[in-house]
Amino acid sequence: MDQMSDVTAGKKIQDVPLLDRFPFPFTGDSYRYSNNSRALIPPVCIDITPEYEEEVIEKRRLLELYPERTYQSLPHTLAAQWEILDMLMNELSHIYPDYFSMDKRGDRYTFRNYLLNEEQTFKYGDLSTLPCEPLDFIGRHVQEDLIYLQQRDGDLYMDAGQLCFPANWSLAFDLGMSYLQFHSPVPIYSDSGLAEKVLRFLMRIEAGKPWTRLNWTINVGKRLDTSPETFGEWGRGKLALNEENVGHQVHLRTEDQRLFRISGSNGILFSIHTHLLPLEVLVENRSWAERFYRVLEDIPDPIAEYKGFITFKPLMIQYLQKYVKA
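Reference entry: report on the structure contained in this document. (Residues numbered from 1 in each chain as written. Predicted model: local features only at pLDDT ≥ 70, side-chain atom pairs only at ≥ 80, totals over all residues. Heavy atoms only, no water.)

1. Focus on the overall build of the chain
Convention followed: Helix and strand definitions follow DSSP, with helices as H or I runs of at least four residues and strands as E runs of at least two, each counted in order from the N terminus. The globule rule used here is 2.2 Å times the number of residues to the 0.38 power, and the radius of gyration it is set against is calculated over C-alpha atoms. A 1.4 Å probe rolled over the protein chains alone gives each residue an accessible area, and that area as a share of the maximum for its type sets the label: buried under 20%, exposed over 50%, partly exposed in between. Here, residues are in contact when the closest pair of their heavy atoms is within 4.5 Å. Values of accessible area rely on a 1.4 Å probe in the Shrake-Rupley scheme; residue burial ignores everything except the protein chains shown. The sign given to each residue is positive for Lys and Arg and negative for Asp and Glu; His and the chain ends receive no count. Where a charge lies is defined by one atom per residue type: Lys uses NZ, Arg uses CZ, Asp uses CG and Glu uses CD.
A tally of regular secondary structure across the chain gives 14 helices and 11 strands. Its C-alpha atoms give the chain a radius of gyration of 20 Å, within 12% of the compact-globule value 20 Å for 326 residues. Each principal axis of the C-alpha atoms in the chain carries an extent, and together these give about 65 × 50 × 35 Å. Burial statistics for the chain: of 326 residues in total, 54% are counted as buried. A separation threshold of at least 6 residues defines the contact pool for the chain, and within that pool the share at least 24 residues apart is 70%. When the accessible surface of the chain is summed, it comes to about 15,100 Å², and 50% of that surface belongs to carbon and sulfur atoms. In the chain, 35 positive and 47 negative side-chain charges are present, and the distance between their average locations comes to 4 Å.

Here you go:
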């Protein structure tokens, strides 16, 4: 990427308090796996938050240090990758014109990122004019992880992706797997018939009619990269939790997942924007604290174990109980 002049650089993102923009994932006092998808209105894939620069820089660091586990693709996905690049550059330049722009002159594109003071000119469809594959390139300009699911033979296959902030799953391991295969470790979801129903729903998604859903788990610390390959680095944080630090260290982790049909390739772009909210901030919203407390009290052990917090669930409940109405 070429650097632009300082005249156009230095754009600032409006700072909105975390509690006002966090996507709280619970609509009831009980949580079970379900197809909680809803139509995405407005149909926008990318969300820019005040953490933009910090998270994009971290993505790029991980991509350079661990290329095998952060970016994978199969050769037949290149056409779809160019479609995704075009779609997201168009969106960024139209939805966030203060932050991005794109000029098209035939197949010659110039993309500008004013937040990072970068500019790239390339020829659409010519891989030699980009520093990396198209999906990888555009992923280096957004906070979202980007997964491409190819639809063929009555199924969806994970055929490409940039995954820097996984919630304990591996792109390198799942590449090429079908939808049911890469969801097989999920308890209840995979063996209840729900996975098959969701797969049928996903294959019916139409171009121009995207969907969204919220997924959640628990983080210890602010680390976004919780890949299984680095469990030795982040897993030990669970052992250090106690009554004094649980509010600061434990975070509700919500993934804003959005699903777009890519018309030319007939695949699906699955974007994942991860948000973290420490318990000590969450409890400032009393209704959220009460609801989360009830969810944790009610949640089945297999789900708590799969999500990785069964060992410290009592600590979270004890902490939240102080903020629940008698």
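Once you've had a look at it, read on.
2. As for the environment of T110
Rules: Throughout this description, a polar contact denotes any pair of N or O atoms lying within 3.5 Å of each other; where both atoms belong to protein, one of them has to be capable of donating a hydrogen while the other can accept it, and for residues adjacent in sequence the pair is counted only when both atoms sit in side chains.
With respect to the secondary-structure elements, T110 resides in strand β5 (residues 108-113). A relative accessible area of 12% places T110 in the buried class. Considered as a pair, T110 and M89 are 21 residues apart in the sequence and their alpha carbons are 10.0 Å apart. Polar contacts involving the side chain of T110 include one to the side chain of T121, which spans 2.9 Å.

3. Observations regarding the sheet that holds β5
To keep it simple, the criterion reads: In this description, strands pair whenever DSSP reports at least two bridges between them.
Read from one edge of the open sheet, four strands run β1-β6-β5-β4, paired in antiparallel fashion. On the outer flanks of this sheet lie β1 (2-3) and β4 (100-105), each paired with one strand and no other. In this structure, β4 lies alongside β5, joined through six bridges in antiparallel fashion. Residue pairing for β5: M102 is matched across the bridge by F111.

4. Description of helix α12 (residues 286-298)
Just so we agree on the cut-off: The span expected for a helix works out to 1.5 Å for each residue beyond the first.
Taking 1.5 Å of rise per residue, 13 residues should cover 18 Å, and α12 covers 19 Å from first to last C-alpha, within 8% of that figure. Regarding α12, the residues found buried are W288, A289, E290, F292, Y293, V295 and L296. Looking at the buried positions of α12, the neighbouring elements they touch are α1 (18-21), β9 (211-220), β10 (250-262), β11 (267-278), α11 (279-282) and α14 (313-321).

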